[in-house]
Amino acid sequence: MRSGSVMLQSHIGIIGAGPGGLTLARLLQLQSIPFTIYDKDTSPSARTEGGSLDLQTESGQRALEAAGLMDQFNRVARYQGQDAKLLDKHGNIHIEHLST
Ligand SMILES: Cc1cc2nc3c(=O)[nH]c(=O)nc-3n(C[C@H](O)[C@H](O)[C@H](O)COP(=O)(O)OP(=O)(O)OC[C@H]3O[C@@H](n4cnc5c(N)ncnc54)[C@H](O)[C@@H]3O)c2cc1C
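Residues numbered from 1 in each chain as written. Predicted model: local features only at pLDDT ≥ 70, side-chain atom pairs only at ≥ 80, totals over all residues. Heavy atoms only, no water.

A. Quick look at the UniProt feature "domain: FAD-binding" (unreviewed entry) in the protein. Feature annotation in UniProt places "domain: FAD-binding" (unreviewed entry) on residues 12-81, given in this structure's numbering. Each end of residues 12-81 is marked by a C-alpha atom, and these two atoms are 39 Å apart; helix forms 37% of the span and strand 11%. (UniProt positions renumbered as here; feature names shortened; annotations may be inferred. Helix = DSSP H or I, 4+ residues; strand = E, 2+ residues; numbered from the N terminus.)

Right under this line is the structure:
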């Protein structure tokens, strides 16, 4: 900052309190940058909640890591398998794809 100039503090407006907006808010919070989140929903219960988010290691989980939230994520994450099996009515397995 040059002597005599005025340091302007940014205040960020985030439109949307979905996963994207909330992650951005957390990243700004870690940098002590002030922000306000706006959402057209009047409360978290304004509409029914969707299902689980599928957070990939190279995208969603990287964002959570940058946000310093991996410990919290690991406490509540549910790991789901991607196995697929085709069985007949007797329970005999005809096709089996194991994800791991
Ligand atoms: C039917 C459906 C099923 C899905 N199923 C899955 C799934 O099983 N697993 C998965 O990982 N992902 C799923 N997704 C995708 C997942 O919902 C999105 O990836 C995720 O919600 C995107 O986050 P976002 O923050 O970008 O947007 P959003 O979650 O859409 O959040 C945007 C927010 O902005 C608010 N908003 C919008 N316009 C305005 C405005 N003008 N002013 C103020 N606020 C505004 C909205 O109210 C909302 O809260 C599904 C999506 C849909 C539509």
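B. Inspection of the site of the ligand at higher detail. Near the ligand you find 14 residues, and of these Gly16, Gly20, Asp39, Lys40 and Asp54 are the closest. The backbone of Pro19 places a nitrogen or oxygen atom 3.2 Å from an oxygen atom of the ligand. Gly20 places a polar main-chain atom, nitrogen or oxygen, 2.7 Å from an oxygen atom of the ligand. Surface burial for the ligand is 39%, taken as the share of its 1000 Å² of free accessible area covered by protein chains. Here the shell around the ligand is built from residues that sort into four nonpolar, five polar and five charged. (Near = heavy atom within 4 Å. Polar contact = N/O pair within 3.5 Å; in protein donor to acceptor, adjacent residues only side chain to side chain. Areas by Shrake-Rupley, 256 points an atom, 1.4 Å probe, with all protein chains shown as cover. Nonpolar A, V, L, I, M, F, W, Y, C, P; charged D, E, K, R; others polar.)

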